[in-house]
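Breakdown of the fold
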Amino acid sequence: MMNNEERTAYHVAKKRNETKVADQILVSSYARNIEESVAFAHENRVSCHCNCMVGTYGETREESAEGFRRFSNIGNLVGCYVPIFTPFPGTKVWSEVYKSGKLKRTLVGGIDWKLFDAEHGTIDIGYNPRELQRESKLAFYVSERYSKDMREGLERNPWLIDDFLSDISVQMIEYRGNKEIEKIYSELCDVKAKMSEQT
């Protein structure tokens, strides 16, 4: 929810047709709300994973990547899910995408429904959203910020160990053979073993 100052600035920008200014105010408000929600969740022993969509219709690869970079600055997350934008029938964007002719088709010309899983990308947007998804997610997990948040989170809330381990186990499968992910997993296993010895 926007605070009064943000709401006033947003409406002024909209009246002046300053779309980029209005969008920046909206994004800043969303980011603040997410950070406040994550802090509240941790105070109440709830771990947080966040979603950040990539490959949104109408966005360039650079815009989508920048959106993820903003998202990845949010602290104290146990993990992230990075779905690929997928329009569904009955929504406003579906009509727009359908009319654009950019929906991916089967060899016989029908809509390729097997792609509607938020993992493959259903629209021809000029770049490979799956590639961006994998790059973005890997950057999130191997970042210094994530490593720092993980260490500090476990010091404050040792009960998070199972959530971190569970999430990194999934990344071990997705990024099989990645030394940085393997190192994080190994460190978490060591932490879990030490915790077990102390109880």
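Our structure's up above, just so we're on the same page.
Two elements in contact, helix α1 (residues 4-15) and helix α2 (residues 19-43), have axes whose closest approach is 8 Å; the angle formed by their N-to-C orientations is 155°. Classified by the interaxial angle, the pair formed by α1 and α2 is roughly antiparallel. The handedness of the crossing between α1 and α2 comes out as left-handed. Residue-level contacts link Glu 6, Ala 9, Tyr 10, Ala 13 and Lys 14 of α1 to Val 21, Ala 22, Ile 25, Leu 26, Ser 29 and Arg 32 of α2. Taken together, the residues of the contact of α1 with α2 break down into seven nonpolar, one polar and three charged.

Glancing now at the state of the cysteines. Per the stated rule, a full pass over the model turns up zero disulfides. There is no disulfide at Cys 48, and the cysteine sulfur nearest it, in Cys 50, is 6.3 Å away. Overall, Cys 48 belongs to the buried group, its relative accessible area being 12%. On the basis of relative accessible area, Cys 50 is assigned to the buried category, the value being 13%.

Criteria and cut-off values
Residues numbered from 1 in each chain as written. Predicted model: local features only at pLDDT ≥ 70, side-chain atom pairs only at ≥ 80, totals over all residues. Heavy atoms only, no water. Axes fitted to C-alpha atoms, helices over the stretch in contact; angles between N-to-C directions. Helix = DSSP H or I, 4+ residues; strand = E, 2+ residues; numbered from the N terminus. Parallel < 35°, antiparallel > 145°, perpendicular 65-115°, else oblique. Left-handed = near helix turned anticlockwise from the far one by under 90°. Contact = heavy atoms within 4.5 Å. Nonpolar A, V, L, I, M, F, W, Y, C, P; charged D, E, K, R; others polar. Disulfide = S-S within 2.5 Å. Buried < 20%, exposed > 50% of the residue type's maximum accessible area, 1.4 Å probe, protein only.

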